[in-house]
Amino acid sequence: MAKHNIPEVKANWEATEGMWGMSIDMDVCTGCQACVAACAMENNISFVGEEDAGYGRSLHWMRIEHTWQGEYPEVTPTSFEPVLCQQCGNAPCEPVCPVFASVHSKSEDLNLQVYNRCVGTRYCANNCPYVARVFNMRDYDRPDPLSNQLNPDVTVRRRGIMEKCTFCIQRIHKGQDQAKSEGRDVLDGEVVPACAQACPADAIVFGRIDDPESKVSLLAKSGRGIQLFEELGTLPRVTYLKEEKTYGRTG
Amino acid sequence: MAVLANSAPHQHSQANSAEHDHEAHLREEHLMLDPRPRGEMNAMVMESMLVTSWKFWVVAVALAAVVAYCLGYYWYRMIAEGLGIAGVNRPVYWGIFLVNTVFWIGISHAGTFVSALLRVFKAEFRRPFTRAAELMTTFGLVQAGLSIFMHMGRIWLAYWLFPYPNERGLWPNFHSPLSWDFLAINTYLLSSTMYLFLPLIPDLAMARDRSTGWRKVLYRTLALGFRGTEGEWTHLRFAMNLFAFAILPVMFSVHTIVSWDFAAAMRPGWSSTIFGPYFVVGALQSGLSAVAMVIIVVRATMKNMKYFIRPEHLDAIGKLMLIISMAWAYFFFNDYLVQWYNGDKWTDILLKFHEEGPIGWMWYAMLILNVALPWLTLWNKNIRRNPTILFIIGFLINVAMWFERYIIIPTSLSINRFPFTYQFYKPGVEIPLSIGTVALFVLLYMLASRIIPLVPVWEVQEGQMAHSLRKFGKESIVTVSDLE
Amino acid sequence: MTEQNKNMLLALFPDLDPAAAAVGKLRELGISDEHVNVISGIPITEAMMGRKPHPSHVPMLSLLGALGGLALGIFLAFGAANLYPLDVGGQPVVPGPPSVVVIFEMTMLGMLLNTFLGVFLDSRFPSYTPKEYVVEISDGKIALLIECEPALEQGISAAMTQIGAESVKHAEAKTL
């Protein structure tokens, strides 16, 4: 008899608060952008070209923020801060979409962007305090043989649609399907999003934060954990680890 | 005392010439004291509608060309290629399209202000231009609707905002201010079009009686068989009164809901609780200035309009423009003081960007043209009564109100809580598309002026019936009877 | 198509006072108010003519429209949300303040739409059948449409003319 607690029908999954979460260790992040590249490869992110990228239209779901303080020559650089969709529990992007294209999933407790429902009003992007959402301004080319690089598990988005990090939900589903077919629960560390997989410093840890023994939960509860803009009440699912715990922002 | 329009003017037996002059002056000044036979006024309005010079058609064709190119061609390209040819980026996801939407909805409040608010307050000077103002509402809302459609990424799916039962069982999200916008703007569009049509019916009947050919067919159809029987007037009067009172909360709610598109968002500079009334007053400001502009142009370009629209009307509108400008300044300062005072880091950066950033000149221009200009000029009666100067002032106020919305939308969107993402907004095809909407507004208005009698003659006659000169002591004073 | 309707007289008055006096005179002559109709180019209240207020269904229809709009608003706010409940932003499935907005807008829309339709219904708009009318009415004259016995016509004509009617003739029903 299979012993697992994944219900037969996905729609019936009830999540306790905070199922999938992430922790990012800013003390070891080198700013190499491998996570950004891996995310783009995994999720079929289009290449917008130099001009559009310079104008702030690049479609990367993740960005590495690097700021510095002071005037030259007394400049102090700050940590590298990978910023992605925080999959907020109280996501401000959700109530403002007029067509329910941005909704909260009951089963994975993530914020879902429903591509085929999006009509492109872009209110969600304006309301995201983490500026985590990007918009397809045009249809971007993917000339052969670049089209061979596409991931068949992920939709390719057309112009007029918002997109954002999904915590590699296709990998989450694959992991859960695999575990269910083997009659067991998903193991901690079995589901690895593209960014976590690519990081050479292992700065990104992903897992179930409703499991108090999972690696990501233990890291989140370690003394170094902070959350971005916690005071806004968005309940983000990403914890940033930084010694000299500085409230809210890096540096 | 005979008081109908086709009765002789008030006779008085005294041979006091100063009093004569005073009364003659009053008659020249006030349309309501200068009645002409109704038949004559009907003929004047019909003439202004029918007589068209070649210059009119030159302008109309030029505007049509502008609309076809700026609006038609560029919008087609934007739908086919995507919003990439516009200027939006991250983080400025809303740009001039939203500015135009708010701007046109603001202009559309002009009509309701004149035809409903002034009617409720029994301001008699509204009578000759209520329809001219109400037309602005309808056509302004058309431009606002176009601008909203323009900003959508997948406009061909716009109908999903409409609540209709479907196979997927999906309904619009009424948590979203954009859904409230959809309901409110459509309610307002339908209501103000109905409110435009109801008082138009008797004038369509008049036009029907005085037309031949295709016009007769058109007006006969649109006049619905109206004759002016007691019953018809009873029903119409009740409906018009109800509309006047009821459309006021709708008007207030529409622009408040539009303001909530911004106030409901958790952005520095946007989540301000004063946005509701601030936007409503801003709408009245730009709307009223636009009414002034439109009736000055109507008065200058259409035949016989100088009888109906007199310096007294410009005077009254100018006074209102001054008062609303003071109200706008009050609400602006409320918003600004509170933001400036509390020292929130991001709001501070935002305010500095507004005032000292690359668009700082716009911020100063907004304040100078919205506040200093009216306050320095509109207290003066001669300035208010001068059509050219009032037109320029009205135009500059509208420019300043457009700037205000530009500062609130694309300029504020550049600033958020992640300086790494700050980007400046550079408009692309928004510019020809905006020009296209302005051209379409003017074109629609011009064409409507050929088909719809712009002056509600029956309302003017009703007003003239109600007005008389009454002697208080030695002075003849304008007296208004409350005929409702 | 014109028809001589022997029982309908149309008396045209240039002004309000003679028209109002005429209404009283007609009552004296035995023509009750239901057989007299007032047609004018500006709204003249029934009281000005000394007549009883004309009944209208428009107020009731407005109220019904408001109730209908209220029902629609309640459906959209409560019903539609519960038909396909989706979790957005931690807000309850039926959000409080937004429901007020939706219900308000739909109530106003229902009321105003029904008022508009009520005018059409009560006035039997649109109606393109031939009616008794003269174009002088839209030029500011007041017409009294009098339905009377053929025997009384002469007397009424004379009385109207004496009171101040510009013309009294048989009303012709023609297409407007």
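A quick note: this is a predicted structure, and the numbers were derived from the prediction, not measured.

1. Let's talk about the overall build of chain A
Within chain A one finds six helices and 10 strands. Per-residue burial over chain A gives 45% buried out of 251 residues. A fraction of 64% describes how many contacts in chain A between residues 6 or more apart in sequence connect residues 24 or more apart.

2. Comments concerning the overall build of chain B
Helix and strand counts for chain B come out as 18 helices and two strands. Relative to the 2.2 N^0.38 estimate, which gives 23 Å for 484 residues, the radius of gyration of chain B is 24 Å and therefore close to what a compact globule would have. With the C-alpha coordinates aligned to their principal axes, the bounding extent of chain B is approximately 85 × 50 × 45 Å. In chain B, of all internal contacts separated by at least 6 residues, the share reaching a separation of at least 24 is 80%.

3. Some details on the interface of chain A and chain C
Contacts between the two partners involve 10 residues from chain A and, on the opposite side, six residues from chain C. Per-class residue counts for the side of chain A that touches chain C are five nonpolar, three polar and two charged.

4. Re the packing of helix α4 (residues 96–120) of chain B against helix α9 (residues 230–263) of chain B
All names here are of chain B. Look at α4 against α9: their axes get within 9 Å of each other, and the N-to-C directions meet at 155 degrees. Taken together, the axes of α4 and α9 are roughly antiparallel relative to one another. Here α4 runs over α9; the crossing is left-handed. The segment α4 lies against α9, with Val102, Ile105, Gly106, His109, Thr112, Ala116, Leu117, Arg119 and Val120 engaging Ala244, Phe245, Ile247, Leu248, Met251, Val254, His255 and Val258. Considered class by class, the residues forming the contact of α4 with α9 number 12 nonpolar, four polar and one charged.

5. A short note on the environment of B:Glu462
Following the sequence through the fold, B:Glu462 ends up in helix α18 (residues 457–466). In this structure the C-alpha to C-alpha distance between B:Glu462 and B:Phe197, which are 265 residues apart in sequence, comes to 18 Å. Sequence-distant contacts of B:Glu462, that is, excluding residues within four places in its chain, are made with B:Leu483, C:Ile42 and C:Pro43.

6. A few points about the interface of chain C and chain B
Tallying the contact residues gives 55 residues for chain C and 55 residues for chain B. Of all the secondary-structure elements, those providing two or more residues to the side of chain C that touches chain B are α1 (16–28), β2 (36–40), α2 (58–83) and α3 (96–122) of chain C. A breakdown of the residues in the side of chain C that touches chain B according to their chemical character gives 35 nonpolar, 13 polar and seven charged.

7. Thoughts on the nonpolar core
Grouped together as the largest cluster of nonpolar side chains are 252 residues, with contacts concentrated most on A:Ile204, B:Leu288, B:Val291, B:Ala292, C:Ala11 and C:Ile146. When residues of this core are assigned to domains, at least three map to each of domain 1 (4–42 + 140–174) and domain 2 (58–122) of chain C.

8. Side note on the confidence of the model for chain B
Residues and elements named next belong to chain B. Taken over all residues, the pLDDT of chain B has a mean of 93, while the share at 70 or more is 97%. Contacts from residues 1–9, a stretch scored under 50 in pLDDT, to residues over four places away or in other chains number 22 contacts. Across the interface, the model reports ipTM at 0.93; the global pTM reads 0.92.

9. Notes on the sheet that holds strand β9 (residues 225–226) of chain A
Residue and element names in this part refer to chain A. Sheet architecture is open: four strands sit in the order β8-β1-β10-β9, paired in mixed fashion. The sheet is open, and its two borders are formed by β8 (204–208) and β9, each paired with just one other strand. The sheet contact formed by β9 and strand β10 (residues 238–241) spans two bridges and is antiparallel. Looking at the pairing, Gly225 lines up with Leu241 of β10.

What counts, and where the lines are drawn
- Residues numbered from 1 in each chain as written.
- Chains lettered and ligands numbered in written order.
- Predicted model: local features only at pLDDT ≥ 70, side-chain atom pairs only at ≥ 80, totals over all residues.
- Helix = DSSP H or I, 4+ residues; strand = E, 2+ residues; numbered from the N terminus.
- Buried ≥ 20, exposed ≤ 12 C-beta atoms within 10 Å, placed from the backbone.
- Contact = placed C-beta atoms within 7 Å.
- Rg over C-alpha atoms; globule rule 2.2 N^0.38 Å.
- Nonpolar A, V, L, I, M, F, W, Y, C, P; charged D, E, K, R; others polar.
- Axes fitted to C-alpha atoms, helices over the stretch in contact; angles between N-to-C directions.
- Parallel < 35°, antiparallel > 145°, perpendicular 65-115°, else oblique.
- Left-handed = near helix turned anticlockwise from the far one by under 90°.
- Core = buried A, V, L, I, M, F, W, Y, C linked by C-beta atoms within 7 Å.
- Domains from an automatic or database assignment.
- pLDDT = per-residue confidence, 0-100.
- Pairing = 2+ DSSP bridges.

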